[in-house]
Amino acid sequence: NAGVTQTPKFRVLKTGQSMTLLCAQDMNHEYMYWYRQDPGMGLRLIHYSVGEGTTAKGEVPDGYNVSRLKKQNFLLGLESAAPSQTSVYFCASLRGLGQRAGTDTQYFGPGTRLTVL
Amino acid sequence: AQKITQTQPGMFVQEKEAVTLDCTYDTSDQSYGLFWYKQPSSGEMIFLIYQGSYDEQNATEGRYSLNFQKARKSANLVISASQLGDSAMYFCAMRETGEGAQKLVFGQGTRLTINP
């Protein structure tokens, strides 16, 4: 059981380049999330998905797009990278449907450190 | 909108002492959940403890306990007998259940340093 994995771990882009971050989970979780963490800050939600084929905007969605074509994968795309998107990106998943919200916590991936020059 | 406030940017504590990390929250929901996460220098997010708004007792997990004061809207994390390995960033988070998505709203974090 790998849990939540993220690819790549590090990336350097030039302004205007595009890239896709891949998040994969092997826990059959319904819900998946993308967050960004800027230096000295907490995590902020970019986009999320409550099931295969669904996506929704979070707190800071501008400049990003997402897709959830398969239940186990959640992709985050940057169409035209900007220096303001330099950050650490975390993916997370949650069991979701069919259970009480209760104590269930989101499971986080190890993060992707992105630098945009 | 829900909000989490952590007013201590940094704390320094002697090893083996107890430490309290403050967290206050703002919500109009009656049902909500509060989480604490640890982020060591390696960067991963580690779940520590959870408190539900209807839980009558304070949550405990080993050396971690949550001092939940609902009327004051505070959910402070208490670490007993601190260890050098407790040095890390600590984040308080609240679960938003709007649209059924169970999103998390995070505070800005507290950097805890344990001195030998």
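The structure under discussion appears in the preceding block.
Remember, predicted model here, so these are calculated numbers, not experimental data.

### Quick notes on the nonpolar core
The biggest cluster of nonpolar side chains holds 25 residues, and the ones touching the most others in it are Tyr25, Leu34, Trp36, Ile49, Leu77, Tyr90 and Leu112 of chain B. The element best represented in this core is strand β10 (residues 88-96) of chain B, accounting for four residues. Not counting residues within four places of it along the chain, the set of residues in contact with Leu77 of chain B comprises Val19, Thr20, Leu21, Trp36, Leu48, Ile49, Tyr64, Ser65 and Tyr90 of chain B. In terms of nonpolar packing, the next biggest core, distinct from the first, is built from 21 residues, Leu43, Phe90 and Phe108 of chain A together with Met45 of chain B among them.

### Some details on the sheet that holds strand β8 (residues 73-78) of chain A
All names here are of chain A. Spatial ordering of the open sheet is given by β1-β3-β8-β7, a layout of four strands whose pairing is antiparallel. Of all the strands in the sheet, the pair left with one neighbour each is β1 (4-7) and β7 (64-67). Within this sheet the neighbouring strands show an average axis-to-axis angle of 20 degrees, counted without direction. Bridge analysis of β1 against strand β3 (residues 19-25) gives four bridges, and the strand direction is antiparallel. The residue bridging Gln6 from the neighbouring strand is Cys23, located in β3.

### Section: the interface of chain B and chain A
Interface size is commonly expressed as the accessible area that is lost once the parts come together. Every contact between the two is made by 18 residues of chain B and, on the other side, 21 residues of chain A. With both sides pooled, the region where chain B packs onto chain A buries about 1,700 Å², and carbon together with sulfur makes up 56% of that total. Counting the surface chain B buries against chain A, the share from its top three residues, Met45, Gln102 and Phe106 of chain B, is 29%. Linking chain B with chain A are zero salt bridges. One can count four residue pairs in polar contact (both at pLDDT 80 or more) joining chain B with chain A. Those elements that place two or more of their residues in the side of chain B that touches chain A are β5 (33-39), β6 (46-52), β10 and β11 (103-106) of chain B. The class makeup of the residues in the side of chain B that touches chain A is nine nonpolar, six polar and three charged.

Rules used in this analysis
Residues numbered from 1 in each chain as written. Chains lettered and ligands numbered in written order. Predicted model: local features only at pLDDT ≥ 70, side-chain atom pairs only at ≥ 80, totals over all residues. Heavy atoms only, no water. Core = buried A, V, L, I, M, F, W, Y, C linked by side-chain atoms within 4.5 Å. Buried < 20%, exposed > 50% of the residue type's maximum accessible area, 1.4 Å probe, protein only. Helix = DSSP H or I, 4+ residues; strand = E, 2+ residues; numbered from the N terminus. Contact = heavy atoms within 4.5 Å. Pairing = 2+ DSSP bridges. Axes fitted to C-alpha atoms, helices over the stretch in contact; angles between N-to-C directions. Buried area = accessible area lost by both parts, 1.4 Å probe. Salt bridge = Lys/Arg side-chain N within 4 Å of Asp/Glu carboxyl O. Polar contact = N/O pair within 3.5 Å; in protein donor to acceptor, adjacent residues only side chain to side chain. Nonpolar A, V, L, I, M, F, W, Y, C, P; charged D, E, K, R; others polar.

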